[in-house]
Amino acid sequence: MLTIKRFTVNDMTVDCVTDQKQPVFSFALESDQQNVALKEATLTIGNWQRNVNTQIGIEYNGPDLEPFTVYKVILEVTDNHGEKATASLSFETGRLDTPFKAKWITNGSYHFTEKKTSPKPMHFKRQFSCRKKVVKARLYSTALGIYEAKLNGEKIGADYFAPGFTSYKHQLQYQTYDVTEQLKRSNELLFTVAGGWAVGAFTYARRNRVYAKRQALLCELHMEYEDGTKEIMTSDESFSVTMDGHIKEAEFYNGEIYDATVNMDESQWEKASIEKVKINPELLAQYGLPVRAKEEFKPVSCNKAESGMWIYDFGQNFAGVISAKIKGKKGQKITMKHAEVLMEGELFTEPLRSAKQELVYICKDGQQTYSPTMTYMGFRYVGVEGGHPEDIELTARAIYSNVDETGHFECSNTMLNQLQNNIKWGAKSNFVDIPTDCPQRDERMGWTGDIALFASTASFNFNTRRFYDKWLLDVQKEQNRGGGIPVTVPLVRVPFQWEIMIPMAVDHWGDACILVPWAEYLSRGDVGLLKQLYPTMKRYVKACKFWAELFSVGKHRRVWRLLHHYGDWVAPEAGLWTWMGRGKWTATASLANTSNLLSQIAEILDQPEDAKYYKKLSEEASDAYRSLLMDKDCRVKKEFQTAYVLPLHYKMLNRGDAAKTASHLARMIKENNYHIGTGFPGTPYVLFALADNGYIDEAYKMLLTDTRPSWLFQIKAGATTIWERWDALREDGTSNTGADDGTNGMVSFNHFANGAVGDFMYRRIAGIEPIEGGYKSFKIEPILGGGLTYAKAEVETAYGQVKSHWTLKNDVFTIDIHVPVGTTCYLTLPNDKTHVLGSGHYQFQEGREEKEHAI
Ligand code: BGC
């Protein structure tokens with residue numbers, strides 16, 4: 001039987017509200033037969049019909065959609081066996097081009113001028129009554145700052161940090177909330193607007209008022225009555241405002257001060273003022289994923305530290321907030337401090353730098369509950385002062401962008417399983433509306449290099465489509481005239497991001513504009529995203545080429561020296577200047593790689609001339625690397641692992657040179673006792689560079705090494721997320737805090753970048769690797785080693801589940817695989833036998849006697 005497993009509009013199965021004029025449909029199919037593929041499908045909306053023979057990225061191309069309208073879409077499919085299935089979904093249009101009638105409002109008497117701090121939260125209130133029965137009500141709201149809305153005391157929606165973080169000068173999301181059920185006869189609408197990213201202190205320089213001088217709110221409540229009449233309530237001077245609410249202070253870095261004794265009915269309310277907002281962003285219905293409360297944790301222990309603080313351990317490092325049930329006395333002040341690790345039994349807060357990560361809660365009398373809404377922390381431990389655990393029950397909630405988990409990896413080595421867990425938590429903790437570097441210290445910024453290198457691993461584990469779509473629009477809009485991509489997106493300039501850096505292209509960091517959409521295309525098959533970013537990618541590569549050519553002649557024009565590179569960022573046993581000094585190698589390799597990918601993208605987008613041009617550029621950069629940065633034996637003068645990893649993984653060398661280069665890499669790694677020596681750019685690829693060039697044992701040995709520096713040393717040291725530095729903790733329990741190496745004290749225990757090794761676990765250990773976008777065709781080719789006796793991976797692709805489960809028992813290798821409807825799998829068994837498989841479940845066994853059968 002044929003069934004439609006997943007039918008989406010803009011990648012959502014339900015609740016899609018969109019301003020996109022051509023929403024995009026996709027569907028996945030399931031069948032109990034084998035070799036099933038789509039024959040044809042029909043999509044119908046009203047009188048519009050489209051017949052297609054593809055499952056992914058089908059654009060609506062009918063008459064203009066009306067704003068504020070619910071559309072029902074019917075999908076009918078027929079497969080190559082003649083089986084049929086149907087499904088339907090609904091989506092709603094947002095405002096489309098309807099301008100807001102509402103006015104931006106603020107507290108006009110509040111002049112926030114203090115530097116490096118965040119403003120006091122503003123509260124806006126409006127009372128109103130509904131004279132007739134409401135059959136449909138939608139709240140369209142946004143803010144400069146972050147907001148939470150309540151109707152009649154009850155939170156509207158479940159989002160944290162709406163409207164989300166975008167490059168506000170270009171685009172600002174508005175949210176659409178269905179409040180039909182929440183409306184009563186007489187109502188009170190209450191908004192709390194804190195400084196957030198737009199007004200509050202942000203970046204390690206603690207710049208504030210980046211987009212607005214103080215918070216502002218914009219909202220419209222659209223109500224439709226039973227008798228067909230409509231009414232719109234808008235934000236304007238009919239709202240009142242106060243700064244005298246429960247939340248006295250709120251900031252991402254510092255935390256919250258919350259006074260439960262405040263009675264807001266008695267607060268000083270004044271008339272809201274109309275705000276002149278200095279930016280003019282495009283207002284768009286939320287197109288990214290909202291940030292939501294996800295997993296809940298209970299403390300695994302609670303002990304009194306020498307300092308007198310009660311320390312709760314949640315057993316997992318993550319980004320989120322606590323939720324407290326408190327028995328308190330009026331005026332009692334409880335302080336809760338957050339940290340990722342303990343040092344000598346106390347919270348280790350030095351890595352937080354200027355971020356306090358602290359909650360101060362002033363109790364009212366009796367039982368009460370509290371959970372902050374305008375901040376989040378990166379933590380595993382909470383230290384409580386001013387109360388006793390008998391009276392304070394803490395739980396904790398992870399909060400992150402609402403990505404679905406789409407990947408599962410497990411094998412017979414429990415430490416690798418813990419590593420996989422840490423990789424996932426590294427991602428969850430840093431997918432807080434934008435891809436951040438870390439969730440705790442005074443950064444939490446959209447560093448482009450981190451996600452560029454992690455994107456592929458992330459898209460195995462999560463459905464990142466809407467999450468990336470949103471951020472990539474900012475990347476596109478923030479691209480400077482010179483073609484460079486800022487090193488953080490959305491861009492908030494900080495000292496040392498001199499003007500000169502802004503037009504500059506920075507290798508691997510700027511590569512995000514190619515590496516992220518490419519990873520997403522491979523994983524979800526979204527050609528639309530490639531199309532959208534193609535001009536950005538071209539301008540970026542042009543900028544890279546410009547900087548490489550500057551002041552150079554001949555072949556040297558393809559060696560990219562200037563101007564600024566992060567190079568082999570955070571490579572162990574080296575410091576800032578060494579990392580950056582390796583920039584010539586990392587950048588030249590990056591030029592070869594991005595131009596090669598761009599050539600492939602040009603092919604996909606049917607731009608043959610471009611494809612040829614970028615291929616040639618890539619070859620020239622590869623040749624320059626080979627002939628100018630390596631000697632005739634492919635040696636690099638001052639050797640470092642990344643210098644060999646990149647040309648190998650980016651396929652920059654001919655076969656003979658690749659063999660020589662791989663032997664240098666393998667030698668270096670052996671000499672280093674299989675310890676990792678790579679920084680950000682080399683780490684994702686070092687195991688591929690070994691395993692794909694004949695050094696499978698070495699790759700496994702390196703992966704399984706558990707002395708420092710290595711991935712598994714972190715596991716042995718008790719890590720539950722991925723560290724920024726390989727020696728964030730040392731064997732003796734001390735930390736490399738980077739206090740005096742020029743990084744301004746840079747150490748975090750929750751940076752996803754070095755977790756990019758996850759890619760190797762899916763692609764080589766489980767053997768699953770996409771060939772065509774969305775896994776339309778893919779490989780399964782596990783490589784055995786490391787004493788592993790089984791590995792199991794499942795990936796929920798755009799077409800359905802790809803599965804590779806293998807076991808090795810008494811020299812007999814058995815693999816169970818699943819190939820989704822509409823896809824082709826190229827299976828290679830460890831004995832090099834190959835099979836080309838259409839959809840279905842299969843089992844293969846090889847050993848002394850060989851069997852194969854479909855199940
Ligand atoms: C961040 C990194 C980032 C780097 C760039 C750091 O402070 O935490 O992850 O990519 O700066 O230099």
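In the block above lies the structure referred to throughout.
The shown structure was predicted, so the numbers you read here are calculated from the model rather than taken from an experiment.

What counts and what doesn't
- Residues numbered from 1 in each chain as written.
- Predicted model: local features only at pLDDT ≥ 70, side-chain atom pairs only at ≥ 80, totals over all residues.
- Heavy atoms only, no water.
- Pairing = 2+ DSSP bridges.
- Helix = DSSP H or I, 4+ residues; strand = E, 2+ residues; numbered from the N terminus.
- Axes fitted to C-alpha atoms, helices over the stretch in contact; angles between N-to-C directions.
- Left-handed = near helix turned anticlockwise from the far one by under 90°.
- Contact = heavy atoms within 4.5 Å.
- Nonpolar A, V, L, I, M, F, W, Y, C, P; charged D, E, K, R; others polar.
- Salt bridge = Lys/Arg side-chain N within 4 Å of Asp/Glu carboxyl O.
- Buried < 20%, exposed > 50% of the residue type's maximum accessible area, 1.4 Å probe, protein only.
- Near = heavy atom within 4 Å.
- Polar contact = N/O pair within 3.5 Å; in protein donor to acceptor, adjacent residues only side chain to side chain.
- Areas by Shrake-Rupley, 256 points an atom, 1.4 Å probe, with all protein chains shown as cover.
- Phe/Tyr/Trp six-rings, centres within 6.5 Å; stacked < 30°, edge-to-face > 60°.

Chemist: Would you mind going over the sheet that holds strand S4 (residues 38-45) in detail, with residue names and values included?
Modeler: What links the strands of a sheet is backbone hydrogen bonding, and the strands pair in either a parallel or an antiparallel sense. Overall, mixed pairing links the five strands, which are arranged S2-S8-S7-S4-S5 in an open sheet. One side of each edge strand has no neighbouring strand; the edge strands of this open sheet are strand S2 (17-18) and strand S5 (48-52).

Chemist: So what about the packing of helix H10 (residues 641-649) against helix H11 (residues 655-671)? Which residues, and what values?
Modeler: Two numbers describe how H10 lies on H11: the axes approach to 9 Å, and their chain directions differ by 145°. Crossing of H10 against H11: the hand is left-handed. Seen from H10, the contacting residues are Gln-641, Tyr-644, Val-645 and Leu-648; seen from H11, they are Ala-658, Thr-661, Ala-662, His-664, Leu-665, Met-668 and Ile-669. Residue composition of the contact of H10 with H11, by class: eight nonpolar, three polar and no charged.

Chemist: Summarise the pattern of salt bridges; cite the residues concerned and give the values.
Modeler: Scanning the model with the defined rule gives 52 salt bridges in all. Close ionic contact of Glu-405 with Lys-428 constitutes a salt bridge, the shortest N to O distance being 2.8 Å. Within this pair, whereas Glu-405 is found in strand S34 (residues 404-405), its partner Lys-428 is found in helix H2 (residues 414-430), the two being separated by 23 residues in sequence. Of the charged contacts in the structure, one is a salt bridge between Glu-639 and Arg-667, with a shortest N-O distance of 2.7 Å. Taken together, the residues span a long stretch of sequence, with Glu-639 in the loop between helix H9 (608-628) and H10 and Arg-667 in helix H11 at a distance of 28 residues. Residue classification places Arg-667 among the partly exposed positions, given a relative accessible area of 23%. A single salt-bridge network, built from bridges that share partners, covers Lys-545, Glu-549, Arg-557, Arg-558, Lys-616 and Glu-620.

Chemist: How would you explain the site of the ligand if you had to name every residue and give the values?
Modeler: As a structural note, the neighbourhood of the ligand is formed by Asp-437, Arg-441, Glu-443, Trp-447, Asp-450, Trp-509, Tyr-566, Trp-569, Phe-680, Glu-724, Met-746 and His-751. Between the ligand and Asp-437, the relevant distance is 2.7 Å, taken from an oxygen atom to a side-chain nitrogen or oxygen of the residue. For the ligand, an oxygen atom lies 2.5 Å from a polar atom in the side chain of Asp-450. Burial of the ligand by the surrounding chains reaches 96%, relative to a free accessible area of 310 Å². The residue makeup of the shell around the ligand, split by class, is six nonpolar, one polar and five charged.

Chemist: Describe the sheet that holds strand S18 (residues 240-242), listing the residues and the values that go with them.
Modeler: What the six strands build is an open sheet, ordered S13-S12-S15-S10-S18-S21; its pairing is antiparallel. Bordering the open sheet on either side are strand S13 (154-155) and strand S21 (270-271), each of which pairs with just one other strand. Two elements, strand S10 (residues 122-129) and S18, share three bridges in a ladder whose sense is antiparallel. Each bridged residue has a counterpart across the sheet, and for Phe-124 the counterpart in S18 is Val-241.

Chemist: So, the packing of aromatic side chains: which residues are in play, and what are the values?
Modeler: Applying the stated criterion across every chain, the model contains 53 aromatic pairs. Both rings, one in Tyr-168 and one in Tyr-211, keep their centres 4.9 Å apart while their planes meet at 85°; by these two values the pair is edge-to-face. With a gap of 43 residues between them, Tyr-168 in the loop between S13 and strand S14 (171-178) and Tyr-211 in the loop between helix H1 (196-199) and strand S16 (216-225) connect regions that are remote in the sequence. Between Phe-431 and Phe-467 the ring centres are 4.5 Å apart and the planes differ by 35°, which places this aromatic pair in the tilted class. In this pair, Phe-431 is assigned in strand S36 (residues 431-432) and Phe-467 in helix H4 (residues 465-478), connecting sequence segments 36 residues apart. Accessibility assignment for this pair places Phe-431 and Phe-467 in one class, buried.

Chemist: So what's going on with the pairing of strand S42 (residues 800-809)? Residues and values would help.
Modeler: On a regular strand, one side chain projects to one face of the sheet and the next to the other, so that they alternate. Sheet topology places strand S41 (residues 790-797) next to S42; eight bridges connect them, and they run antiparallel. Residue pairing across strands places Glu-794 opposite Lys-803, the latter belonging to S42. Counted between consecutive antiparallel strands, the loop separating S41 from S42 contains two residues. Pairing of S42 with strand S43 (residues 812-819), which is carried by seven bridges, proceeds in the antiparallel orientation.

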